[in-house]
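Each chain is listed here by its residues.
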Amino acid sequence: MNENVQDNITAEQIDAYGLGEQPTPSSAVKELDRLVGEWTVTGGAEGVIRYEWMTGRFFLLQHVELEQFGQAITGIEVIGQLHPFGEPAGTDVVSRFYDSMGNTLDYVYELEGDTLTIWAGAKGSPAYFAGTFSDDDRVLDGAWAYPGDGGYASTMTRR
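Residues numbered from 1 in each chain as written. Predicted model: local features only at pLDDT ≥ 70, side-chain atom pairs only at ≥ 80, totals over all residues. Heavy atoms only, no water.

Tallied over the entire structure, the rule returns ten salt bridges. We note a salt bridge from Asp114 to Arg34, for which the minimum N-O separation is 2.6 Å. Placement of the pair is Asp114 in the loop between strand 6 (104-112) and strand 7 (115-120) and Arg34 in the loop between helix 2 (27-30) and strand 1 (37-43), with a sequence separation of 80 residues. Judged by relative accessible area, which is 40%, Asp114 ranks as partly exposed. One salt bridge in this structure joins Glu52 and Arg50, with 3.3 Å as the shortest N-O distance. Residues participating in the shared-partner salt-bridge network are Arg34, Asp114 and Asp137. (Salt bridge = Lys/Arg side-chain N within 4 Å of Asp/Glu carboxyl O. Helix = DSSP H or I, 4+ residues; strand = E, 2+ residues; numbered from the N terminus. Buried < 20%, exposed > 50% of the residue type's maximum accessible area, 1.4 Å probe, protein only.)

As a further point, take the pairing of strand 4 (residues 71-80). With ten bridges connecting them, strand 3 (residues 59-68) and strand 4 associate as antiparallel partners. Residue pairing across strands places Gln68 opposite Gln71, the latter belonging to strand 4. The turn joining strand 3 and strand 4, which pair antiparallel and follow one another in sequence, is formed by two residues; a positive phi near 55° is taken by Phe69. Where strand 4 lies against strand 5 (residues 93-99), six bridges are found, and the strand directions are antiparallel. (Pairing = 2+ DSSP bridges.)

Following this line, the structure appears as structure tokens:
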């Protein structure tokens, strides 16, 4: 057995640990660049949200200051692909939202053409947002749908 641990590491392990070539964000993550900026939200929840890239552009951060059903919602969401240490990056664009009440909510993002779908929980969930970009990406108009005919309209307008 070789005493030098680095001599026992394979090229595949180096790449899995992110120590090989400089990684680049996936196209699925890059496509979310359309969200970057500050938005006014109207509909069932109202207020202001702001999206910005974390250094490296692997993760998009959403800052939330909304009011819904008379309650203030303040939080941050980290959006990107999971990449556990020593493993390849996942294919789905996922997120976790942290709010000022101590809640954590998980989502899956998918952008196909001008349609953004955000599933609450797992991809394909019956709770989701579906919206369409328009007006040169200055408007994202859609609705949240919940099981049992619940949900509400939601429009984001770039500020």
